[in-house]
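Structure assessment
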Amino acid sequence: MAAGPRGAGVVGTTLLILTISSTIGQHNQPFQSNPEHKIDGEVVNMWGTRFGTELWESLTRATRRDEIQKGYDSHADLRVDEIDGFDMVKKMAAEVQVMMQHKIDAIKRIMELAENIALDHKYDKDRGERLKEGRYTYHNAKKLNVLPEDDEGGGDEYDRYLSQYRDQGDASYAPGYSRMALTANKHFSGIPVNTSFSSVHVPTNVFDGEPKVINAIDWSRKLDDTFKDNYQRDPSLSWQYFGSSTGFLRQYPAMKWLMYEDDPDMYDARMRDWYIKSAASPKDIVILLDKSGSMTGLRKEIAKHVVLNIMETLGEDDFVTVLTFSDETRPLVECFTDENGEPELVQATTENIAEFTEAVNNIETMEIANFTSALTEAFALLERYRTKKIGAESNQAIMLVTDGVPYTYETIFQEYNQPHKPVRVFTYLIGREISDLEAAKWMACENKGYFTHVTTLAEVKEQVLKYIPVMARPLVLLRETHPVRWTGVYADIEVPNDRSLWVIGLKKPKTRKRIHELQGKEGSFKGYKLMTSVSIPVYNKKNHTTIEVLGLKPNEIANPFGQVRIAELLGVAGTDVPIAEIEKLIPPYKLGVNGYSFAVNNNGYILYHPDLRPMFQEILKPNYNSVDLAEVELVHNDKHEEPRYNDSALYLMRKEMVDQKDGLARLTVKVHMDDMKRVTIREQDYFYYNISNTPFTLGIVMPSKYGKYRVSGGLELNQNRHIDANKIFPDDRWKLHPDWVYCEYNYAGTDDRKFDSPEKNMKHFLERLADEKASFNWGQSRVRPLPKCQGNGYYQADCPKSAGIPTAGKNSHYCDKELVQALVLDGEVTKVFTDEKSRKDLFKQFGIELSFVATRSGLTRWEEHKEKDEFATDEYDDGYDPDNPREPHFSEVNNEATDEVWYKRAVEYHYNNPDSFVFSVPFDIGDKRPTTVTATHAIYKEMNGRKAPAAVVGVQIDYDKFAQNFMDVTTGSGGAGYKTQSGEMLSCQNETIECYVLDNNGFVAISEDPSNIGKFFGEIDGTILKSLEQNHVFKKIKIYDYQAICLENADDGSPANIILTPFKLIAWMFNWILGQMAMTIIRFEIHHLWNPDWTYALPYPQVDPDYAYPDYSDGYQYDDDVLYEAEPNGPPVEDTPVVSDDDGEATVGEPFDEFQEEVLDNFKMKDGGPIPLLEMTYINKTQPKPCDKESYLYELNETALKLQRPLQGILRNCHESNCERPFSVTLIPNTNLVLIVADKMCPCYSARISVNPTKVDYGPKNETTYCEKLKTNLYRQKPRPSVFYHPQEEEISLCGGSSHLALSALLISFSVIYNLVAL
């Protein structure tokens, strides 16, 4: 251990000597204390026993533990069943598949109609002019004047929607605006919508008056009938949309697109993953970025933005690299090379794109451009991937970004790309002054690519997007092949629900119509809803079109008939599938406590998983949608603690899931809780099964120890058994799990059947159940069956279907019969919590504020004693101050029953000690009061040798009373303590000793110093903790966080850099003159005299001009002017060293700084863990970046203390005075607590051990590991089908950059035949 501030020579040789009590191996003998030990172990042991016994007896009465236990043990309708995990996951996967097939059928109907109406549409080149003049309109989502919610309708379309005729002087009623009634809809996250119409979003960079755009908007409005029909068929259907290749998005139902002055609308559907995946097959892309001396100033900025926009169009199924070239060709990111230093393609994950983004913003231009080297290297790289069948195994393309191409380099293309042209070439010529475009055009046109000339930053996105329809041509030419594509998980903005409004500091609105307005204000919260999307391409069925439609100038010589061969992608149709809809089909109550489900896609990435943590405070993590299964299932292996260890059992399971095979596995994993502050090691059983017609595989997990058994059964509700909801739930002191589906109406119900809480909704259905009795219709299954096929009746994805699915009806509903009946039974068993007999005296005696029970069916009930019932005031009053929110009631933040941490911990701890309560205090609560201690106990039902958890009972105790009760135990009835064998009086109030009560993860529950409450004990006395860990009292468990975010300094340079001193100006002018001379040499090809392959220009000065464009490097960069700042008077930084213990030896590291990386404004609500209240990082010019973090967490090993109570130790040589520091440790029976009593007269230096995670240092030793993590996907399957070639593509001559068409003789012949047939 390194030295502290003083006494380096002495402290450096600290010895931790543990003297074990003589009771080891003599359990039946009376305790023999160590005469040399100053702390009497027998007294300490007695304190622990007395305190534990008192807690067990008092909490048993307060929680009605015996009554609840008896209710479950004796109920005749209950049983303990053994669960077949594989059979369960098979049935669940089948239900999910049916649900997803309904979505696929819906988008196929949209696709079929779109192709047909586009075929019949009559092109009108003047429609844009009529839109401008107000003689034509459509529902522009940005220009909706919303009608009030109480609008009763009436009037014709002219009066109600063509609002430009109402008030010509009002800008809101200008041409293009329309009126619409929008109503908040629970099914669409509470967003105000109109289910009778769709609305159109037009990106900022797209002009809706352009003829091709407005004509597509016009014909696509006929999709509304199909949108509505789909929704009537499938009430679970979410947003439906059609993204046009012209740029607009038509979305159903109609909604208003919110616009904010400080938040420009950058949305473009063509850049979204669902569009990109369907528009073309996966692709291998090599971007050649010219960084020669002429690429400076605006050209350099345009080139960077071209590269970044290309990156934005790539997804996880694509592979990419960037090679920069001047006099030599190099990979942009050095890490992305193989063992021989050759460039590699890497998967286009968010993390890899971020690496490219950071690197491209740091390029320096210099030297000369060697096109021969660059093109040769790019072709060789793609050929290597093509022949080895690695990468995307589909489209391949070279994207050349340069400011000038001297000539065509035909020999290179003949060698590498003839005759089949497997590699497309897209050329992006940068800059206004370029006059010679022909070489760049030739490269693109002769290699099935597209040429674009980019002259301004504003046109970068549109020019980049032109490559996508070209990539789609083989698919379009196949016509009948419409591949269905599924995206990975992504986050969509969601309106916060009522139960979270107080958490995020919003007033509870009278209605929900102003939620979006509140979201737009500074300081408000933007929630996220996880989704996946399914999409399908929409093709133009026409083989030819006219020059007029394409907007090209006619050329009567080359194209006398004005007909052009095309293979046009009209757009992509799709729908969202909320992850919550998938989870509804996998009811958590069937999986049991600490069981869970998850799904992975063809890349091994998580679609959903309980440990998927997509947000860093209120910011989406950059890599949230590319989290691998191996990054959330943390396998425990004592022999391998290095990061990203390749565990064979985990990766075998992962491979089978990616291959969509079914199977099972058993893994021992590290399970973390409470924001990675607690950990336990658990053996788990995994079962998995593929979801047909999707790239997903579903998995379920159950704890091996108790997960295979389940308490089953409920009150059978029939004609002979009457149910009275008012007797079972006579008051309002009960909650249901807010995310579980008990009963619900389809389409969010009619107005008279909308309820503002799950409890009111459930009571409504229970009353219906009581009235209708045996005739009650439980509703159809959660997912309605697929329509039968004509003929054999068995459904297949491509079979001709019969009339289809009948509509569900506005008043239709669904109830989970098994769950509702279990709820009613649990309500009967726990009805004792409604006993009117007052127990205030009992509660007051022990400081108990509230007792509660939570059950397997998601029911939570409570009984409380407070001077003032805070829960009685449930509404937000008008004077509500978001800066000082009221203290939430227990039931508002602890209503998730089996998903609550205290429930899970109680069930898990039962196997350590079945007769115990599990205690916890809020982390780092210190001296903040009031605060409570939470204690819980699991109720198990045992039958026929099987045992399974049925419920958890618990209490919340006033902390001060809890601590005082402990102190009273140590002082005894006389208040002076207990006499030791040496004759001294000992109590925790003695000045010579310190007493700590720790929970089973090492957090302080009781201490004489209030500031220690809730802290990790290692931060207070790491030396004692180290000795306990070395003697196996506490297990040290290393855990990794592969979804972590690190805040790194964002060096944006000095603002003074842009000031042009006279010397800089002269130097700039001189370089500019030389550069112009060099460009003249290039244009006249004089440079060919010394080397025909090279082009040259001297560099401009590296001074970035002040252009108005978004800074892509700051995609995740935030300034302290934008986000909330930490309180100016934050906690001081501690100077005491922190232990970094990698090898079991305590060593002193850097001074401990609890707020080194982030300062959180936490509002303590849940015991054992904080819920953030508008928590924001104190980010001052920092950039959140994905990183790996590691930490050591601790777990109590009760066995070590059960064998030896108490455990006594002495710290020696810990101070220059050579004093000794004795301490005693004992279990507190019937709890998860341990008591430590230590001498404090010897001023031992104490290093600190922190559980705060630190960044994994991938230095030179581990750099390869980090690079490999970025470069390679562990194992993946490519999407199928993959279409990237069609022989007829050679007939298409549209390749960009030309105002006229020079058509081949073959194409002219086709045009002649086409016109003759048309005549």
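Residues numbered from 1 in each chain as written. Predicted model: local features only at pLDDT ≥ 70, side-chain atom pairs only at ≥ 80, totals over all residues. Heavy atoms only, no water.

1. A few points about the sheet that holds strand 25 (residues 606–608)
Operational definition: Paired strands, in this sense, are two strands between which DSSP finds at least two bridges. Only DSSP runs of H or I covering at least 4 residues are called helices, and only runs of E covering at least 2 are called strands; the numbering of each starts at the N terminus. Here the axes come from fitting lines to C-alpha atoms, over the contacting stretch only for helices, and the angles between their N-to-C directions go from 0 to 180 degrees.
Taken in spatial order, the 5 strands line up as 25-24-30-29-28 in an open sheet, and their pairing is antiparallel. Strands with a single pairing partner mark the edges of an open sheet, and in this sheet they are strand 25 and strand 28 (663–673). Mean inter-strand twist for the sheet, computed between neighbouring axes without regard to direction, equals 35 degrees.

2. A word on unusual backbone geometry
Applicable threshold: Buried means the residue's accessible area, taken with a 1.4 Å probe over protein chains only, is under 20% of the maximum for its type, while exposed means over 50%, and partly exposed covers the values in between.
Residues Tyr252 and Pro253 are joined by a peptide bond in cis, for which omega reads -5 degrees. Along the chain, Pro253 turns up in the loop between strand 9 (249–252) and helix 9 (273–279). Note the cis peptide between Gln418 and Pro419, where omega equals 0 degrees. Phi at Glu393 is positive, roughly 55 degrees, even though this residue is not glycine. Take Glu393: its relative accessible area is 30%, and that puts it in the partly exposed class. Unlike most non-glycine residues, Arg644 shows phi in positive territory, near 55 degrees.

3. Comments concerning the packing of helix 2 (residues 41–63) against helix 3 (residues 65–74)
Note the cut-off: Relative orientations are named as follows: roughly parallel for angles under 35 degrees, roughly antiparallel for angles over 145 degrees, roughly perpendicular for angles from 65 to 115 degrees, and oblique for any other angle. Working rule for contacts: check all heavy atoms of both residues, and any pair within 4.5 Å makes them a contact. The nonpolar class holds Ala, Val, Leu, Ile, Met, Phe, Trp, Tyr, Cys and Pro. Asp, Glu, Lys and Arg form the charged class, and all remaining residues, Gly among them, are polar.
The geometry of helix 2 relative to helix 3 is characterised by a closest axis approach of 5 Å and an angle of 60 degrees between their N-to-C directions. As judged from the angle between their axes, helix 2 and helix 3 are oblique. Where helix 2 approaches helix 3, its residues Trp56, Thr60 and Thr63 are matched on the opposing element by Arg65, Asp66 and Ile68. Of the residues assigned to the contact of helix 2 with helix 3, the class counts are 2 nonpolar, 2 polar and 2 charged.

4. Side note on the state of the cysteines
A disulfide bridge is the covalent bond that connects two cysteines by way of their sulfur atoms. This is how the line gets drawn: Our working definition of a disulfide is a cysteine sulfur pair at a distance within 2.5 Å.
Under the counting rule described, the total for this entry stands at 5 disulfides. Covalently, Cys445 is tied to Cys1295 through a disulfide, its sulfur atoms 1.8 Å apart. With the S-S bond torsion at 80 degrees, the cross-link from Cys445 to Cys1295 turns out right-handed. With Cys445 in helix 14 (residues 438–445) and Cys1295 in the loop between helix 34 (1263–1271) and helix 35 (1305–1318), this residue pair connects regions lying 850 residues apart in the sequence. Paired through a disulfide, Cys988 and Cys995 show a sulfur-sulfur distance of 1.9 Å. Taking the sign of the S-S torsion, -90 degrees for the link of Cys988 and Cys995, the bridge is left-handed.

5. Examining helix 31 (residues 1017–1030)
Formally: Helices are assigned an expected span. That span is 1.5 Å times one less than the residue count. Bend is the name given here to the angle between axes fitted to two runs of seven residues, the run ending at a residue and the run starting at it.
Look at helix 31: only 15 Å from first C-alpha to last across 14 residues, short of the 20 Å you get at 1.5 Å a residue. A maximum bend of about 80 degrees is found in helix 31 at Thr1023. For helix 31, the tally of buried residues reaches 13 of 14 residues, placing the bulk of the element in the interior. Of the residues trailing helix 31, His1032 is marked for its positive phi of about 70 degrees.

6. Some details on the sheet that holds strand 39 (residues 946–958)
Pairing is antiparallel in the open sheet, where 6 strands are placed in the order 32-36-35-39-38-37. The open sheet is flanked by strand 32 (734–736) and strand 37 (918–920), the only strands paired with a single partner. Pairs of neighbouring strands in the sheet enclose a mean axial angle of 20 degrees, with direction left out of account. Pairing between strand 32 and strand 36 (residues 859–864): 3 bridges, direction antiparallel. Residue pairing in the sheet places Lys735 in a bridge with Thr860 of strand 36. Of the strands in this sheet, strand 35 (848–855), strand 38 (932–943) and strand 39 touch helix 3, which is tilted by about 25 degrees from strand 38.

7. Notes on the nonpolar core
As a reminder, the rule being used: What makes a nonpolar core is a set of buried Ala, Val, Leu, Ile, Met, Phe, Trp, Tyr and Cys residues whose side-chain atoms join them at distances within 4.5 Å.
Grouped together as the largest cluster of nonpolar side chains are 158 residues, with contacts concentrated most on Ile287, Val306, Tyr428 and Ile582. Looking at this core, the element that brings in the most residues is helix 4 (residues 85–120), giving 16 residues. When residues no more than four places from it in sequence are discounted, the contact partners of Ile582 are Val96, Met99, Met100, Val577, Leu607 and Tyr608.

8. A look at the packing of aromatic side chains
The condition is simple: Centre distance within 6.5 Å is the pairing criterion for rings of Phe, Tyr and Trp, where only the six-membered ring of Trp is used; planes under 30 degrees apart are then read as stacked, over 60 as edge-to-face, and the remainder as tilted. Two conditions define a charge located above a ring, namely a distance within 6 Å from the ring centre to NZ of Lys or CZ of Arg, and an angle within 35 degrees of the ring normal.
One pass over the full model with this rule turns up 38 aromatic pairs. Aromatic pair Phe371 and Tyr409: ring centres 5.8 Å apart, planes at 25 degrees, arrangement stacked. Here the residue Phe371 occupies a position in helix 12 (residues 371–388), and Tyr409 occupies one in the loop between strand 15 (395–402) and helix 13 (410–417), the gap between them amounting to 38 residues. Here Phe371 and Tyr409 have matching classes, each one buried. Ring pairing ties together the aromatic residues Phe188, Phe227, Tyr231, Trp239 and Tyr252, which thus form one cluster. Its guanidinium or amino end placed over the ring of Tyr940, Lys947 lies 5.6 Å from that ring's centre, counting from NZ or CZ. Its end group placed over the ring of Tyr1192, Lys1036 keeps NZ or CZ at 4.3 Å from the ring centre.

9. Some words on the pattern of salt bridges
The criterion, for reference: Salt bridges are defined by distance alone: a side-chain nitrogen of Lys or Arg within 4 Å of a carboxyl oxygen of Asp or Glu.
The final tally for this structure, using the stated rule, is 58 salt bridges. Residues Asp87 and Lys91 are paired through a salt bridge, measuring 3.3 Å at the closest nitrogen-oxygen approach. In this pair, Asp87 and Lys91 both sit in helix 4, 4 residues apart, roughly one turn of the helix. Its relative accessible area of 32% is what places Asp87 among the partly exposed residues. What you see here is one network of salt bridges that share partners, running through Asp273, Lys277, Glu316, Asp317 and Arg1276.

10. Thoughts on helix 2
Since one α-helical turn is 3.6 residues long, residues separated by three or four positions face the same way. Heads up, the rule is: Contacts described as polar in this section are N or O atom pairs within 3.5 Å, which, within protein, must combine one atom able to donate a hydrogen with one able to accept it, while residues neighboring in sequence count only if both atoms come from side chains.
The end-to-end C-alpha distance of helix 2 is 32 Å, a good match for the 33 Å that 23 residues give at a rise of 1.5 Å each. Measuring from the side-chain oxygen of the N-cap residue of helix 2 to the backbone nitrogen of Glu42 gives 2.9 Å; that N-cap residue is Asp40. Following helix 2 by one or two positions, Arg64 adopts a phi angle in the positive range, close to 55 degrees.

11. Re the pairing of strand 36
Burial analysis of strand 36 places 6 of its 6 residues in the buried class, which makes it a mostly covered element. Here strand 36 shows a buried face lined by Leu859, Arg861 and Glu863 and a second buried face lined by Thr860, Trp862 and Glu864. Examined bridge by bridge, strand 35 and strand 36 share 5 bridges and lie antiparallel to one another. Pairing of Val853 across the sheet is with Arg861, part of strand 36. Joining the antiparallel neighbours strand 35 and strand 36 is a turn of 3 residues, in which Gly858 adopts a positive phi near 85 degrees.

Purely geometric numbers; function is a separate question.
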